[in-house]
Amino acid sequence: MTAAVFFGCTFIAFGPALALYIFTIASDPLRVIFLIAGKASEGLKSINPDDTVPSMRLLAYVSGLGFGIMSGVFSFVNTLSDSLGPGTVGIHGDSPQFFLNSAFMTLVVVLLHVFWGVVFFDGCEKKKWYIILIVFLTHLLVSAQTFLSPHYGINLLSAYIIMVLMGIWAFFVAGGSCRSLKLCLLCQDKDFLLFNQRSR
Amino acid sequence: MWQQCHWIPSVSRPSAARGRVMLTFMASDSEEEVCDERTSLMSAESPTPHSCQEGRRGPEDGEGATQWGNQDSEEDCEEDPDPYACSGTPGRPPGLEEELTLKYGAKHVIMLFVPVTLCMVVVVATIKSVRFYTEKNGQLIYTPFTEDTPSVGQRLLNSVLNTLIMISVIVVMTIFLVVLYKYRCYKFIHGWLIMSSLMLLFLFTYIYLGEVLKTYNVAMDYPTLFLTVWNFGAVGMVCIHWKGPLALQQAYLIMISALMALVFIKYLPEWSAWVILGAISVYDLVAVLCPKGPLRMLVETAQERNEPIFPALIYSSAMVWTVGMAKLDPSSQGALQLPYAPEMEDSYDSFGEPSHPEVLEPTLPGYPGEELEEEEERGVKLGLGDFIFYSVLVGKAAATGSGDWNTTLACFVAILIGLCLTLLLLAVFKKALPALPISITFGLIFYFSTDNLVRPFMDTTGCSCRVSTL
């Protein structure tokens, strides 16, 4: 198993998470702390007004990302280290695409955790218990599906569908709208551009 | 039963406050703790010049009891050429102080995450690739009892005895250091420190390089090797003990901590290592916080004498701006700062005495005002002993975790969480705190629970899609 497999699978699984980290978290040390420790301290909320106070949504996003990265790393890193060693994939009749499928599964798990984090925090804040139930059930569903493991098609496909649905839900929960999405894609979102300018 | 011991000069643990490492050339073996008093964490501020006291006393005096503005303001700065910039801005409300402290506290947490992570990454990478450091090849003289015993009870007893011996050696050396410091035997301490750095930078680097080259089967001739080691070591000595770019000094400190941790990982037997880690965090807690603890006494003595923090074996995260060192024209835009590693006490004379306390106000672009620039110089200092023991924990987890990466990662995250909490406490209490207890406790908990609970679980649930290896 080659270095190409190793690096390829690493970047498939952790590329988006790393990109999210670099572009949204690494610039602000407070967010890094939330990422690792996963909780907010009340005292930090009352801090100087001229800096951006970490809002609840930001905390939800960061902690979701933190959980996702940890979960992805824990489930995939042993497989990755095996991929550097000698061996033949699927010599006993299993699928030879084991690494690739694992990498995509890890990616979907990481992203799902981010979305679940946002949605879950929102549910807790607004005290809508059905949201929490849905998050819990989809989590259980995605995890249970992995037992279908030789049949990667169904497993991955349904996981990705759930991820897209969760993503859309999280987007609207976090305050996005079709209009803001359009503005962002067409680079016409003045607030976003100004924010980027200021933080440089 | 006494095992065969290796003769390596011992490196004692340096003091927390000004941290000189004492090198004891014991006739027997020694990987003595270079970490002794080093295992405490404090804010970067050394005592500022007395006349610049009013208003702002943030987390500057991290060591020991901070005296909030009680020092004589009559004392002239000239008689005490403190290299740290005076940062007095009178009239600042204390509430704002707290908020800024917490805000910049977060920044300094990150500034410590990076070096701790780097040190652990180096140690884990070495452990996983170079077989030398996981081979059992004798024990230190400080852990004489073997662990190759037939019964579990005997093994446990031996490891506890090993720990007792190790900790008592550490305590004795610490007290010796405190005594030396109290009686102002600076030359002795200084010499000891230099000898220990020489040992780390030359001998251990040579061994390390040799093992790495062996592992990767790279041939290197002796002249090249000696040239490399000589350059590495000489630049390291200059950077650590004299002047040098801050980043380079930090890099060298990280490297020597990693080397020391690797030696501990190699020579400490399994169970003894874990018991020693637990015991040393308890010792750290006691020594730094108890009123009669040796480290606390050291810190307070340094405080009384108003001496700057010892540079060579404390990792400092911030730049230090000197009075009289970088003559800046306050009116110039974008003034250049010379970040340098603080030098030792006896070389102050080389700087001469400033005629009056100058407040350096470089106008860095983008900062809203001078207050923030003065904030920037406040860093956090972490003793090298902390680096070493963190890396020992993670390295041991990597070495013995049955090839499993989850255990290593869990310990790594645990240590970072502990460090974060410790730094938060530092921002709250504003005095020297032991950095080991919380992190090591979390690390030990995570190691044992991951190794005994999580790993079998993951192995069992994952075994249906295991790749077959030849």
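Keep in mind that what you see is a predicted model, and the values were worked out from it rather than measured.

Caption draft 1: Broad picture of the overall build of chain A. When helices and strands are counted, chain A shows nine helices and zero strands. In chain A, the succession of helices and strands from N to C terminus is α-α-α-α-α-α-α-α-α. Among the 200 residues that make up chain A, the fraction classed as buried is 40%. Taking as baseline every contact in chain A between residues at least 6 positions apart, the subset at least 24 positions apart corresponds to 71%.

Caption draft 2: Representation of the overall build of chain B within the structure. Assigned secondary structure in chain B consists of eleven helices and five strands. When each of the 470 residues of chain B is scored for burial, the buried share is 56%. Long-range pairs, those at least 24 residues apart, make up 77% of the contacts in chain B with a sequence separation of at least 6. Taken as a whole, chain B presents about 18,800 Å² of accessible surface, with 67% of it coming from carbon and sulfur.

Caption draft 3: The arrangement of a nonpolar patch on the surface in detail. Residues and elements named next belong to chain B. On the surface, a nonpolar cluster with roughly 440 Å² of combined accessible area is contributed by V152, L156, V160, L164 and W271. A per-element tally of the nonpolar patch places helix 2 (residues 152-182) first, with four residues. Following the sequence through the fold, L156 ends up in helix 2. For L156, a relative accessible area of 45% puts it in the partly exposed group.

Caption draft 4: Structural context of the packing of helix 5 (residues 246-267) of chain B against helix 9 (residues 384-400) of chain B. All names here are of chain B. In contact at an axis separation of 8 Å, helix 5 and helix 9 are set at 50° when each is read in the N-to-C sense. Between helix 5 and helix 9, the interaxial angle falls into the category oblique. Crossing of helix 5 over helix 9 shows right-handed handedness. Of the residues in helix 9, those touching helix 5 at L253, I256, S257, M260, A261, F264 and I265 are L384, F387, I388, S391, V392, G395 and K396. Residue composition of the contact of helix 5 with helix 9, grouped by class: ten nonpolar, three polar and one charged.

Caption draft 5: Representation of helix 5 of chain B in the model. A rise of 1.5 Å per residue sets the reference length of helix 5 of chain B, with its 22 residues, at 32 Å; its end C-alpha atoms lie 32 Å apart and thus fit the reference within 8%. Extensive coverage of helix 5 of chain B is indicated by the burial of 18 of its 22 residues.

Caption draft 6: Structural view of the UniProt feature "transmembrane region" (unreviewed entry) in chain B. Residues and elements named next belong to chain B. UniProt annotation of "transmembrane region" (unreviewed entry) refers to residues 109-127, 160-181, 188-210, 222-240, 247-265, 271-290, 405-426 and 433-450 when read in the numbering used here. Span residues 405-426 is 100% helix and 0% strand, its end C-alpha atoms 32 Å apart. Secondary structure content for residues 433-450 is 83% helix and 0% strand, and the end C-alpha separation is 28 Å.

Caption draft 7: Inspection of the confidence of the model for chain A at higher detail. Averaged over all residues, the pLDDT of chain A equals 82, while 84% of them reach at least 70. Of the regions scoring below 50 in pLDDT, residues 40-51 of chain A engages in 17 contacts with residues more than four places distant in sequence or in other chains.

Caption draft 8: Region of the structure containing the confidence of the model for chain B. Residues and elements named next belong to chain B. In the predicted model, chain B carries a mean pLDDT of 71, and 61% of its residues have values of at least 70. By mean pLDDT, the top-scoring element of chain B is helix 4 (residues 222-241) (94), and the lowest-scoring one is strand 2 (residues 23-24) (30). Long-range and interchain partners of residues 1-37, a stretch whose pLDDT sits below 50, account for 189 contacts in this model, where long-range means more than four residues apart. Both scores are given for the predicted complex: the pTM is 0.74, the ipTM 0.83.

Caption draft 9: Highlighting helix 7 (residues 152-173) of chain A. All names here are of chain A. With 22 residues, helix 7 should cover 32 Å at 1.5 Å per step; its first-to-last C-alpha distance of 31 Å lies within 8% of that length. By the burial criterion, the buried members of helix 7 are Y152, N155, L156, S158, A159, I162, M163, M166, G167, A170 and V173. Where helix 7 is buried, its residues contact helix 4 (56-83), helix 5 (98-126) and helix 6 (129-145).

Caption draft 10: Structural detail: the side chain of N101 of chain A. Examined against the element boundaries, N101 of chain A turns out to sit in helix 5. Residues in contact with N101 of chain A, not counting those within four places in the same chain, are S95, Y152 and L156 of chain A.

Caption draft 11: Quick peek at the pairing of strand 5 (residues 380-383) of chain B. All names here are of chain B. Of the two faces of strand 5, the one lined by V380 and L382 and the one lined by K381 and G383 are each fully buried. Strand direction decides the pairing type here: strand 4 (residues 314-316) and strand 5, joined by three bridges, are antiparallel. By the bridge assignment, I314 is partnered in strand 5 with G383.

Caption draft 12: Broad picture of the packing of helix 6 (residues 270-289) of chain B against helix 9 of chain B. Residues and elements named next belong to chain B. For the pair helix 6 and helix 9, the least separation of the axes is 11 Å and the interaxial angle reads 155°. As the angle between them shows, helix 6 and helix 9 are arranged roughly antiparallel. Helix 6 and helix 9 meet at a crossing whose hand is left-handed. Taking contact as the criterion, the partners of E270, A273, W274, L277, I280 and D284 in helix 6 are, on helix 9, D386, F389, V392, L393, K396, A397 and T400.

Caption draft 13: Quick peek at the packing of aromatic side chains. Throughout the structure, instances matching the rule amount to 20 aromatic pairs over all chains. A ring pair is formed by Y222 of chain B and F226 of chain B, whose centres lie 5.7 Å apart and whose planes are at 25°; its orientation type is stacked. Of this pair, Y222 of chain B and F226 of chain B both sit in helix 4, four residues apart, roughly one helical turn. Accessibility expressed as a relative area gives 53% for Y222 of chain B, which makes it exposed. Following the ring pairs from residue to residue traces out a cluster consisting of F6, F7 and F11 of chain A. Sitting over the face of the ring of W405 of chain B, K128 of chain B holds its NZ or CZ atom 4.7 Å from the ring centroid. Across the ring face of Y267 of chain B, the terminal group of K266 of chain B is positioned such that the distance to the ring centre comes to 5.6 Å.

Caption draft 14: Examining the environment of Q188 of chain A more closely. Residues and elements named next belong to chain A. Take Q188: it is sitting in the loop between helix 8 (178-185) and helix 9 (190-199). For Q188, a relative accessible area of 46% corresponds to the partly exposed category. Taking C-alpha positions, Q188 is 42 Å from T146, a pair spaced 42 residues apart along the chain.

Analysis parameters
- Residue positions are given per chain, counted from 1 along the sequence in the order it is written.
- Ligands are numbered from 1 and chains lettered from A, in the order in which they are written.
- Predicted model: local features are reported for residues with pLDDT of at least 70 only, side-chain atom pairs are reported and counted for 80 or more only, and whole-chain, interface and lining totals are derived from all residues.
- Excluding hydrogens and water, the side-chain figures rest on all heavy atoms present in the structure.
- Each helix corresponds to a stretch of at least 4 residues labelled H or I by DSSP, and each strand to a stretch of at least 2 residues labelled E; elements are numbered beginning at the N terminus.
- Note on exposure labels: buried denotes an accessible area under 20% of the residue type's maximum, exposed denotes more than 50%, and partly exposed covers the range between, all computed with a 1.4 Å probe on protein chains only.
- Every residue pair with non-hydrogen atoms within 4.5 Å of one another is taken to be in contact.
- Note on areas: these come from Shrake-Rupley sampling with a 1.4 Å probe, and a residue is covered only by the protein chains present in the view.
- Within this analysis, patches are made of residues with over 30% relative accessible area and no salt bridge. Like charges are joined at 9 Å or less; nonpolar side chains (Val, Leu, Ile, Met, Phe, Trp, Tyr) at 5 Å or less.
- Note on definitions: salt bridges are taken to be side-chain nitrogens of Lys or Arg within 4 Å of carboxyl oxygens of Asp or Glu.
- Only the contacting stretch of a helix is used when fitting its axis, a line to C-alpha atoms as for every element, and angles between N-to-C directions run 0 to 180 degrees.
- Angle categories: roughly parallel below 35 degrees, roughly antiparallel above 145, roughly perpendicular from 65 to 115, and oblique for all the rest.
- Crossings are sorted by hand: turned counterclockwise from the far helix by less than a right angle, the near helix makes the crossing left-handed, and turned clockwise it makes it right-handed.
- Residues are grouped as follows: Ala, Val, Leu, Ile, Met, Phe, Trp, Tyr, Cys and Pro are nonpolar; Asp, Glu, Lys and Arg are charged; all remaining types, including Gly, are polar.
- Expected span of a helix: the number of residues minus one, times 1.5 Å.
- UniProt positions are given in the numbering used here, feature names are shortened, and annotations may be inferred rather than shown by experiment.
- Residue-level confidence of the predictor is what pLDDT reports, using numbers from 0 through 100.
- Following DSSP output, two strands are said to pair if at least two bridges run between them.
- Any pair of Phe, Tyr and Trp rings, taking the six-membered ring for Trp, is counted once the centres come within 6.5 Å. Such a pair is stacked with planes under 30 degrees apart, edge-to-face with planes over 60 apart, and tilted for the rest.
- Note on geometry: a ring has a charge over it if NZ (lysine) or CZ (arginine) is within 6 Å of the ring centre and within 35 degrees of the ring normal.

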